[in-house]
Amino acid sequence: GYCMITEKLVGSKFNGIFRCVDMLCFNLGEDVRDKNGASVPEFSFHVQTQWRFVKEDEILLASRDIYVPYNTRIDESEWMYDIVGRADDESSIFDVIQKSFHEHFLNAAVSSARVSRVGDLQVTFSNGIVFETFTPSMRKDEFWRLIYIGENRENEHFVVFE
């Protein structure tokens, strides 16, 4: 269950974040080889609900930042969030910030992780940064999943809600 998986996260280091359109991929742990020989992070959250990284009373990065241009002078009515690989001046807040986001996690590791009864996820790092998701609907759907590369190098998927 979730308790066993969240316990495995403790001690894991931040590995990186990126996005597939507007799905957050949040990676933890060392890069390992899967059964096909590909280099993959030990743990990867694929998040399709609201999320944010918070430190004390500051939001460092959040799900809406994918949809907002980094450059405040851009006309949002003409701008498209889903184009990647643009210059910072034309990119989203997320696309610019994610490039150096790992700097927030130097020498930090997961100190706790938990899943609430309604599927909210909270991952706390030793430096005080907290990653959290929010379940936005009474209907159960896939809001996030954790992909774990287990001992046998198989991908194990834990889906909220499956």
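Located above this text is the structure these notes cover.
Computed from a predicted structure; not experimentally measured. (Residues numbered from 1 in each chain as written. Predicted model: local features only at pLDDT ≥ 70, side-chain atom pairs only at ≥ 80, totals over all residues. Heavy atoms only, no water.)

Helix and strand counts for the protein stand at two helices and 10 strands. Counting from the amino terminus, helix and strand elements in the protein follow one another as α-β-β-β-β-β-α-β-β-β-β-β. Buried positions account for 44% of the 162 residues belonging to the protein. In the protein, the proportion of contacts linking residues at least 24 apart, taken out of those at least 6 apart, comes to 49%. (Helix = DSSP H or I, 4+ residues; strand = E, 2+ residues; numbered from the N terminus. Buried < 20%, exposed > 50% of the residue type's maximum accessible area, 1.4 Å probe, protein only. Contact = heavy atoms within 4.5 Å.)

What follows deals with the sheet that holds strand S7 (residues 121-125). The strands making up a sheet are joined through hydrogen bonds of the backbone, oriented either antiparallel or parallel. Strand order in the open sheet formed by five strands is S5-S4-S8-S7-S6, and the pairing between neighbours is antiparallel. The strands lining the two open edges of the sheet, one partner per strand, are strand S5 (58-62) and strand S6 (110-115). Between one strand axis and the next, the sheet turns by 20° as a mean value, whatever way the strands run. (Pairing = 2+ DSSP bridges. Axes fitted to C-alpha atoms, helices over the stretch in contact; angles between N-to-C directions.)

Moving on to the nonpolar core. If you look at the biggest cluster of nonpolar residues, it comprises 28 residues, and the most contacted ones within it are Phe26, Phe45 and Phe53. Not counting chain neighbours up to four residues away, the residues in contact with phenylalanine 45 comprise Leu9, Leu24, Cys25, Phe26, Leu28, Leu121, Val123, Trp144, Arg145 and Leu146. (Core = buried A, V, L, I, M, F, W, Y, C linked by side-chain atoms within 4.5 Å.)

The backbone of valine 21 sits at a positive phi, close to 55°, despite the residue not being glycine. Along the chain, the position of valine 21 falls in the loop between strand S1 (14-20) and strand S2 (23-33). Of note, asparagine 107 is a non-glycine position whose phi angle comes to about 60°, a positive value. Within the element layout of this structure, asparagine 107 appears in the loop between helix H2 (93-97) and S6.

Take the pairing of strand S8 (residues 129-134) next. Of all six residues in S8, five are buried, a share of seventy percent or more. Alignment of strand S4 (residues 50-55) against S8, held across six bridges, turns out to be antiparallel. Looking at the pairing, phenylalanine 53 lines up with phenylalanine 131 of S8. Pairing of S7 with S8, which is carried by three bridges, proceeds in the antiparallel orientation. Bridged to threonine 124 within S8 is valine 130. Where S7 folds back onto S8 in an antiparallel hairpin, the turn is made up of three residues, including glycine 128, whose phi is positive at roughly 95°.

Let us look at the environment of phenylalanine 14. When you line up the elements, phenylalanine 14 lands in strand S1. For the pair formed by phenylalanine 14 and histidine 104, sequence separation is 90 residues and the distance between their alpha carbons is 9.3 Å.

Time to look at the pairing of S7. Of all five residues in S7, four are buried; the element is thus mostly enclosed. Judged from the five bridges that link them, S6 and S7 form a sheet pairing that is antiparallel. Residue pairing for S7: serine 112 is matched across the bridge by threonine 124. Connecting the antiparallel pair S6 and S7 is a turn made up of five residues, with glycine 119 showing a positive phi of about 95°.

Per the stated rule, a full pass over the model turns up four salt bridges. One salt bridge in this structure joins glutamate 142 and arginine 145, with 2.8 Å as the shortest N-O distance. (Salt bridge = Lys/Arg side-chain N within 4 Å of Asp/Glu carboxyl O.)

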